[in-house]
Amino acid sequence: MNSKIKKIINKKNKSKIVCLTAYSKNIAEIVDNHADIVLVGDSLGSVLYNYKTTRKVNLKMMLEHTKSVRMGVKKSLLVIDLPYNTYRNKSEALKNSKKAIKETNCDAVKVEGGVRVKDVVRHLVKNKIPVLGHIGLTPQTVKGKFKSVGRTDKERKMLIRDAQALEQSGAFGMVLECVYSDISKKITKLIRIPTIGIGASVHCDGQVLVTDDILGLTDAKIKFVKKYINIKKIINSALLKFKNEVKSRKYPTKKYSY
Ligand code: KIV
């Protein structure tokens with residue numbers, strides 16, 4: 001097993017795992033200082049391209065963004081989201097994962113689903129492709145409005161079956177998205193691989209958020225999103241200064257001229 005993957009698994013019950021998204025080199029360079037895992041998420045569809053669903057994101061887009069991110073990531077584990085309709089069966093999943101790893105030099109792939117994708121995950125792992133799972137709210141297949149998962153007995157049983165299916169298929173960890181606290185706690189205790197929560201409580205082995213949301217680059221108003229800074233405001237004030245200096249001929253002075 002890849003030593004970076006081992007390191008992630010070994011963090012379970014010892015230290016929390018930090019996972020952050022990045023879609024380009026410049027942000028990836030900064031994120032890499034703080035994350036254990038950098039995820040090129042298909043959330044880039046809504047964050048960068050204004051798509052209503054991640055289903056419109058395709059493999060070509062994911063590969064280009066991951067190539068850019070790869071240039072900025074030196075120490076973290078780099079994971080690429082396999083987009084919708086790129087892992088419908090074992091051979092499609094293997095072909096696309098191999099392409100992703102070959103073209104971007106990423107370390108692992110992420111797929112959405114539990115029991116539904118267990119054979120795909122097992123096949124990828126058998127072929128030495130490390131897989132991060134993703135259960136709970138799975139944006140690629142969600143029907144209707146996004147809502148939390150694990151309220152009913154049926155949902156809770158399904159979540160446990162999904163988590164166990166991913167573990168048994170050889171995934172090295174899994175994202176739990178919008179999962180009720182008590183069931184996240186139960187799953188995290190039950191399985192030996194790490195859980196990484198997004199809107200799934202402090203009980204998970206790690207946390208992931210979309211970096212653009214944390215920085216205030218988006219206007220996301222989602223319960224679990226904590227905006228740590230309003231970077232838009234800072235960028236605005238810098239650009240305003242530049243504009244004013246251009247208009248008033250203060251820029252460029254001799255120092256900035258040949
Ligand atoms: O697409 C994404 O960025 C994700 C994370 C939010 C978990 O799947």
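Before reading further, recall that the structure is shown in the block above.
Description of the structure in this document. (Residues numbered from 1 in each chain as written. Predicted model: local features only at pLDDT ≥ 70, side-chain atom pairs only at ≥ 80, totals over all residues. Heavy atoms only, no water.)

**With respect to the overall build of the protein**
When helices and strands are tallied, the protein shows 10 helices and eight strands. Computed over C-alpha atoms, the radius of gyration of the protein comes to 20 Å, within 12% of the 18 Å expected from 2.2 N^0.38 for 258 residues, which places it in the range of a compact globule. Here the protein, with 258 residues, has 49% of them falling under the buried criterion. A total accessible area of about 14,600 Å² is found for the protein, and carbon and sulfur atoms account for 55% of it. (Helix = DSSP H or I, 4+ residues; strand = E, 2+ residues; numbered from the N terminus. Rg over C-alpha atoms; globule rule 2.2 N^0.38 Å. Buried < 20%, exposed > 50% of the residue type's maximum accessible area, 1.4 Å probe, protein only. Areas by Shrake-Rupley, 256 points an atom, 1.4 Å probe, with all protein chains shown as cover.)

**Focus: the site of the ligand**
Surrounding the ligand, one finds Thr21, Leu39, Gly41, Asp42, Ser43, Asp81, Lys110, His134, Val175 and Ile198. The side chain of Ser43 places a nitrogen or oxygen atom 2.5 Å from an oxygen atom of the ligand. In the model, an oxygen atom of the ligand is placed 3.0 Å from a nitrogen or oxygen of the Lys110 side chain. When the ligand sits alone it has 260 Å² of accessible area, and the protein chains cover 95% of it. Considering only residue class, the shell around the ligand consists of three nonpolar, four polar and three charged. (Near = heavy atom within 4 Å. Polar contact = N/O pair within 3.5 Å; in protein donor to acceptor, adjacent residues only side chain to side chain. Nonpolar A, V, L, I, M, F, W, Y, C, P; charged D, E, K, R; others polar.)

**A short note on the state of the cysteines**
Going through the model one piece at a time under the given rule, you end up with zero disulfides. Here Cys19 stays unpaired: no disulfide links it, and the sulfur of Cys204, its closest cysteine neighbor, is 12 Å away. Of all cysteine sulfurs, the one in Cys19 lies closest to Cys106, which takes part in no disulfide; the gap is 13 Å. (Disulfide = S-S within 2.5 Å.)

**A word on the sheet that holds strand β4 (residues 108-110)**
With respect to topology, eight strands assemble into a closed barrel ordered β1-β2-β3-β4-β5-β6-β7-β8, the strand pairing being parallel. Averaged over all neighbouring strand pairs, the angle between strand axes comes to 25°, with direction disregarded. Of the strands in this sheet, β2 (37-40) and β3 (77-81) are in contact with helix α4 (residues 59-72), which crosses β3 at around 165°. (Pairing = 2+ DSSP bridges. Axes fitted to C-alpha atoms, helices over the stretch in contact; angles between N-to-C directions. Contact = heavy atoms within 4.5 Å.)

**Here we look at the pattern of salt bridges**
Using the criterion set out here, one finds 13 salt bridges in the structure. Residue Lys12 pairs with Asp205 through a salt bridge whose shortest N-O separation is 2.8 Å. With Lys12 in the loop between α1 (3-10) and β1 (17-21) and Asp205 in the loop between β7 (195-198) and β8 (206-209), this pair connects stretches of sequence that are 193 residues apart. Using a relative accessible area of 7% as the deciding quantity, one classes Asp205 as buried. (Salt bridge = Lys/Arg side-chain N within 4 Å of Asp/Glu carboxyl O.)

**Regarding the packing of aromatic side chains**
Using the criterion set out here, one finds three aromatic pairs in the structure. Through successive ring pairs, a cluster of aromatic residues spans Phe242, Tyr251 and Tyr256. (Phe/Tyr/Trp six-rings, centres within 6.5 Å; stacked < 30°, edge-to-face > 60°.)

**A word on the environment of Ile5**
Mapped onto the secondary structure, Ile5 falls in helix α1. Separated by 102 residues in the primary sequence, Ile5 and Asp107 have C-alpha atoms spaced 8.6 Å apart. With sequence-adjacent residues up to four places away left out, Ile5 is seen in contact with Leu77, Ala108, Pro130 and Phe172.

**Digging into the side chain of Glu112**
In this fold, Glu112 is placed in the loop between β4 and α6 (118-126). From its side chain, Glu112 meets the backbone nitrogen of Gln140 in a polar contact 2.8 Å long. When near neighbours in sequence (up to four residues on either side) are disregarded, Glu112 contacts Asp42, Tyr87, Val117, His134, Thr138, Pro139, Gln140 and Thr141.

**A look at the environment of Val175**
You can see Val175 is positioned in strand β6 (residues 173-177). The spacing of Val175 and Lys110 is 65 residues in sequence and 9.0 Å in space, taken between C-alpha atoms.

**Quick notes on helix α7 (residues 153-169)**
Between its first and last C-alpha atoms α7 spans 24 Å; for 17 residues at 1.5 Å apiece the expected length is 24 Å, and the two agree. Leu159, Ile160, Asp162, Ala163, Ala165, Leu166, Glu167 and Ser169 are the residues of α7 that are buried. For α7, the secondary structure elements touched by its buried residues are α6, β5 (131-136), β6 and α8 (181-190). Gly170 occupies a position one or two residues after α7 and carries a positive phi of about 100°. (Expected span 1.5 Å × (residues − 1).)

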